[in-house]
Amino acid sequence: MLIGKKHFLTVGAVAVALAIHAVPAVAAQQKSVAVTAIVEHPALDAVRDGVQDALKKAGYEPGKNLKWQYQSAQGNTGTAAQIARKFVGDRPDAIVAIATPSAQSVVAATKDVPVVYSAVTDPVAAQLVPSMEPSGTNVTGVSDLLALDKQVELIKKVVPNAKRVGMVYNPGEANSVVVVKRLQELLPKSGLTLVEAAAPRTVDVASAARSLIGKVDVIYTNTDNNVVSAYESLVKVGNDAKIPLVASDTDSVKRGAIAALGIDYHDLGVQTGKIVVRILKGEKPGAIASETSSNLRLFVNPGAATKQGVTLPDALVKSAAEIIK
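Fair warning: this is a prediction, and the values are worked out from it, not measured in the lab.

The rules behind each value
- The residue numbering used here restarts from 1 in each chain and proceeds along that chain's sequence as written.
- Restriction of local features to residues with pLDDT of at least 70 applies here, the model being predicted, together with a cutoff of 80 or more for giving and counting side-chain atom pairs; totals for whole chains, interfaces and linings are based on all residues.
- Side-chain figures throughout are based on the complete set of non-hydrogen atoms in the structure, without hydrogens or water.
- Domain start and end points were adopted from an automatic or database domain assignment.
- We call two residues in contact when some of their heavy atoms are within 4.5 Å.
- Throughout, buried area stands for the accessible area (probe radius 1.4 Å) lost by two parts on being put together, summed over both.
- Every axis corresponds to a line fitted to the C-alpha atoms, with the helix fit spanning only the stretch in contact, and the corresponding angles, defined between N-to-C directions, vary from 0 to 180 degrees.
- Secondary structure counts use DSSP, requiring at least four H or I residues in a row for a helix and at least two E residues in a row for a strand, with both numbered from the N terminus.
- Any angle that is under 35 degrees is reported as roughly parallel, and any over 145 degrees as roughly antiparallel; angles of 65 to 115 degrees are reported as roughly perpendicular and all others as oblique.
- Each crossing gets its handedness from the near helix: less than a right angle anticlockwise from the far helix is left-handed, clockwise is right-handed.
- All residues other than Ala, Val, Leu, Ile, Met, Phe, Trp, Tyr, Cys, Pro, Asp, Glu, Lys and Arg, Gly among them, are scored as polar; the first ten of these are nonpolar and the last four charged.
- By nonpolar core is meant a set of buried Ala, Val, Leu, Ile, Met, Phe, Trp, Tyr and Cys residues that side-chain atoms within 4.5 Å join together.
- Only protein chains enter the area calculation, which uses a 1.4 Å probe; residues under 20% of their type maximum are buried, those over 50% are exposed, and those in between are partly exposed.

## Some details on the domain arrangement of the protein chain
One widely used convention gives an interface's size as the accessible area the parts lose upon coming together.
Move 1: Taken domain by domain, the protein chain holds domain 1 (31-145 + 264-292) and domain 2 (148-262 + 296-323).
Move 2: Here the C-alpha centre of domain 2 lies 28 Å away from the C-alpha centre of domain 1.
Move 3: Taken residue by residue, the interface counts 17 residues in domain 1 and 15 residues in domain 2.
Move 4: Here domain 1 meets domain 2 over a buried area of about 1,200 Å², counting both sides, of which 56% is carbon and sulfur.

So this is what it looks like as structure tokens:
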């Protein structure tokens, strides 16, 4: 009996020991990703969802082997900074920062936690990375930079006789400032001039748009987060004043813009998520070059064109990846 008892205790001790050693093994498989965006709107939400889809496809699932956090700054840069500090304090395996203001906040808050930015038009101008090459820092990511010459071509196809292009934007958002400067250089080459209207807050978008009435032949919108968040107010001005709206965000076409040649933001999120997976598997962010997307899609909305006083060329409609009705 003593021998049996001793044997039982030995087996029990081994089982306990195995259980104890198994805990760190399970913990080692658990990864943590924190995601933040400056605001919630369809394009940025699509990026977030794309990131999560890429992680899931790679075998990382919330509630199983992944701790997933998401917080929106609701358009407030002060809140973005608070979220950044909170996430850095949590020490996740990676922080995904969606849109320029959130990315700037996170990069300012840490020099060692891996940061993957997404939906940032010009990460160099935003001082997130020194160049699009591997940064050698804790930062990498995916830009949504668009070739603006193609945007100008689209404007001329939608409104062939246009001379003055209006743009509503937030002068405090680095990516929008970059677009304005480039358009100021690019538009005159096509016989066009830029007329700007500042909207520092989401509530300013409608009044900024109204200030362009009688001054412009078309309004172009980039992926400015204030403008996209309040796009319906811009559409109302366009419809009432018969000013055509051309966007770079394809989701804006569903909300009342006439046309957009833009990135599929879910695809951009998947592309971002693949970089996060590489980091979770051990790669250093500083060794990963920043990326862009060349997957452009044309969306058109003939109904919006009618409301805003133009008729889309048949060839343009036929070339669209999606026709909104």
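## Things to note about the packing of helix α2 (residues 42-57) against helix α11 (residues 265-280)
Move 1: Packing of α2 against α11 brings their axes to within 6 Å, and their N-to-C directions diverge by 40°. Relative to α11, α2 is oriented oblique. Crossing angle aside, the handedness with which α2 passes α11 is right-handed. Where α2 abuts α11, its residues A43, A46, V47, D49, G50, V51, D53, A54 and L55 lie against Y265, H266, L268, G269, V270, T272, G273, K274, V276, V277 and L280.
Move 2: Grouping the constituent residues of the contact of α2 with α11 by class yields twelve nonpolar, five polar and three charged.

## Concerning the nonpolar core
Move 1: Among the nonpolar cores identified, the biggest contains 51 residues, and V33, L55, I98, Y265 and V276 are the most heavily contacted of them.
Move 2: In terms of residue count, α11 provides more of this core than any other element does, seven residues in total.
Move 3: Apart from the residues lying within four places of it in its own chain, the contact partners of V33 are L55, L66, K67, W68, Q69, A94, V96, V276 and L280.
Move 4: The next biggest cluster of nonpolar side chains, apart from the first, holds 31 residues, and it includes A162, V165, A304 and L316.

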